[in-house]
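For reference, the chains in residue letters:
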Amino acid sequence: MEKLHSLYYVLEIAGTFAFAISGATAARKRNLDLFGICAIAFVVACGGGIIRDLCIGAIPPAGLTNWPYLVVAIIAAGLTVHFFPVVQRLTRPVLFFDAVGLSLFAVTGAEKALHYGHNGEVAVLLGITTAVGGGVIRDVLLTRVPVILEKEIYASAALLGAVLVVLGNYLQWVSRDWVAIIALTVCFTLRILALYFHWNLPVPANEKTDLDKQK
């Protein structure tokens, strides 16, 4: 159990770092000042986890009481600001780091809900909330349409990762460590493939657009 706890703690720290880079990069592109960049980085990194902890009764939330989360977020923001030209040269950096955080938090969110004795349904929902909550807060604060409200495969990738965690814990077909690794890999791979191949969820046909095309 101690080994499992250590694994998920490392995953949460890694997810915090990844989401903080995502938030700091988006904030830097909007020309926010240093405080604004750090604030967005922290909110993105810890927002989903704070919502999860409030829902499962883990009060006060770990994101507010454990100083490593704040320190990691600030370090990530500082590195992003200092090396911003390098970060900009990465292919769609915000989306890449967001995919890393998405997969990490979907896994840790579902696992923590299960650890607190909640059922599979709650674990899946809170896994998704942990994964997408910070991104939604980022997009709202930066006045952008949240990714989960668009047709991209985003929340559905988190859903798959959280479901794999729940199934793996109930069926016990492999060790819990491997369940985490498999779920994380599947979620991240699906998100990256969806970005690369432009996979999207179906949307209702726009009747006006279809008529215009016929004309």
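Residues numbered from 1 in each chain as written. Predicted model: local features only at pLDDT ≥ 70, side-chain atom pairs only at ≥ 80, totals over all residues. Heavy atoms only, no water.

Q: So what's going on with the overall build of the protein chain? Which residues, and what values?
A: Secondary structure assignment for the protein chain yields 10 helices and zero strands. In sequence order, the protein chain lays out its α and β elements as α-α-α-α-α-α-α-α-α-α. When each of the 215 residues of the protein chain is scored for burial, the buried share is 47%. Here the analysis covers contacts within the protein chain between residues at least 6 apart in sequence; of these, 75% occur between residues at least 24 apart. Working note: accessible area of the protein chain is about 11300 Å², and carbon and sulfur atoms make up 68% of it. (Helix = DSSP H or I, 4+ residues; strand = E, 2+ residues; numbered from the N terminus. Buried < 20%, exposed > 50% of the residue type's maximum accessible area, 1.4 Å probe, protein only. Contact = heavy atoms within 4.5 Å. Areas by Shrake-Rupley, 256 points an atom, 1.4 Å probe, with all protein chains shown as cover.)

Q: Give me the packing of helix H2 (residues 34-56) against helix H4 (residues 67-82): which residues, what numbers.
A: Helix-helix packing: each pair is described by the crossing angle between the helix axes and the interaxial distance. Orientation of H2 relative to H4, taken along the N-to-C sense of each, is 130°, at an axis distance of 9 Å. Classified by the interaxial angle, the pair formed by H2 and H4 is oblique. Crossing of H2 against H4: the hand is right-handed. Facing Leu34, Ile37, Cys38, Ala41, Phe42, Ala45 and Cys46 of H2, the residues of H4 in contact are Tyr69, Leu70, Ala73, Ala77 and Val81. Across the contact of H2 with H4, the residue classes break down as 12 nonpolar, no polar and no charged. (Axes fitted to C-alpha atoms, helices over the stretch in contact; angles between N-to-C directions. Parallel < 35°, antiparallel > 145°, perpendicular 65-115°, else oblique. Left-handed = near helix turned anticlockwise from the far one by under 90°. Nonpolar A, V, L, I, M, F, W, Y, C, P; charged D, E, K, R; others polar.)

Q: Account for the side chain of arginine 191, naming residues and giving values.
A: With respect to the helices and strands, arginine 191 occurs in helix H9 (residues 176-197). Note on arginine 191: relative accessible area 1%, which makes it buried. Not counting residues within four places of it along the chain, the set of residues in contact with arginine 191 comprises Leu95, Ala99, Leu102, Val147, Glu152, Ile153, Tyr154 and Ala157.

Q: Quick rundown of the pattern of salt bridges? Include the residues and the values.
A: Enumeration according to the criterion identifies five salt bridges in this entry. Taken together, the shared-partner salt bridges in this structure form one network comprising Arg52, Asp53 and Lys112. (Salt bridge = Lys/Arg side-chain N within 4 Å of Asp/Glu carboxyl O.)

Q: Go over the packing of helix H8 (residues 155-171) against H9 with me, naming the residues and quoting the values.
A: At a minimum axis separation of 8 Å, H8 and H9 run at an interaxial angle of 165°. Judged on the interaxial angle alone, H9 and H8 are roughly antiparallel. Judged by the twist between their axes, the crossing of H8 over H9 is right-handed. Contacts between H8 and H9 involve Ala157, Ala158, Leu160, Gly161, Leu164, Val165, Gly168 and Asn169 on the former and, on the latter, Arg176, Val179, Ala183, Val186, Cys187, Leu190 and Arg191. Broken down by class, the residue content of the contact of H8 with H9 amounts to 10 nonpolar, three polar and two charged.

Q: Tell me about the packing of aromatic side chains, residues and numbers included.
A: The geometry of two aromatic rings is summed up by the distance between their centres and the angle between their planes. Within this structure, the stated rule accounts for three aromatic pairs. Ring centres of tyrosine 196 and phenylalanine 197 lie 4.9 Å apart, and the angle between their planes is 85°; on these two criteria the pair is classed as edge-to-face. Tyrosine 196 gets classed as exposed once you look at its relative accessible area, which sits at 62%. Measuring from centroid to centroid gives 5.6 Å for phenylalanine 197 and tryptophan 199, while their planes differ by 20°, and the two rings are stacked. When its relative accessible area of 38% is taken as the criterion, tryptophan 199 is described as partly exposed. Ring pairing ties together the aromatic residues Tyr196, Phe197 and Trp199, which thus form one cluster. (Phe/Tyr/Trp six-rings, centres within 6.5 Å; stacked < 30°, edge-to-face > 60°.)

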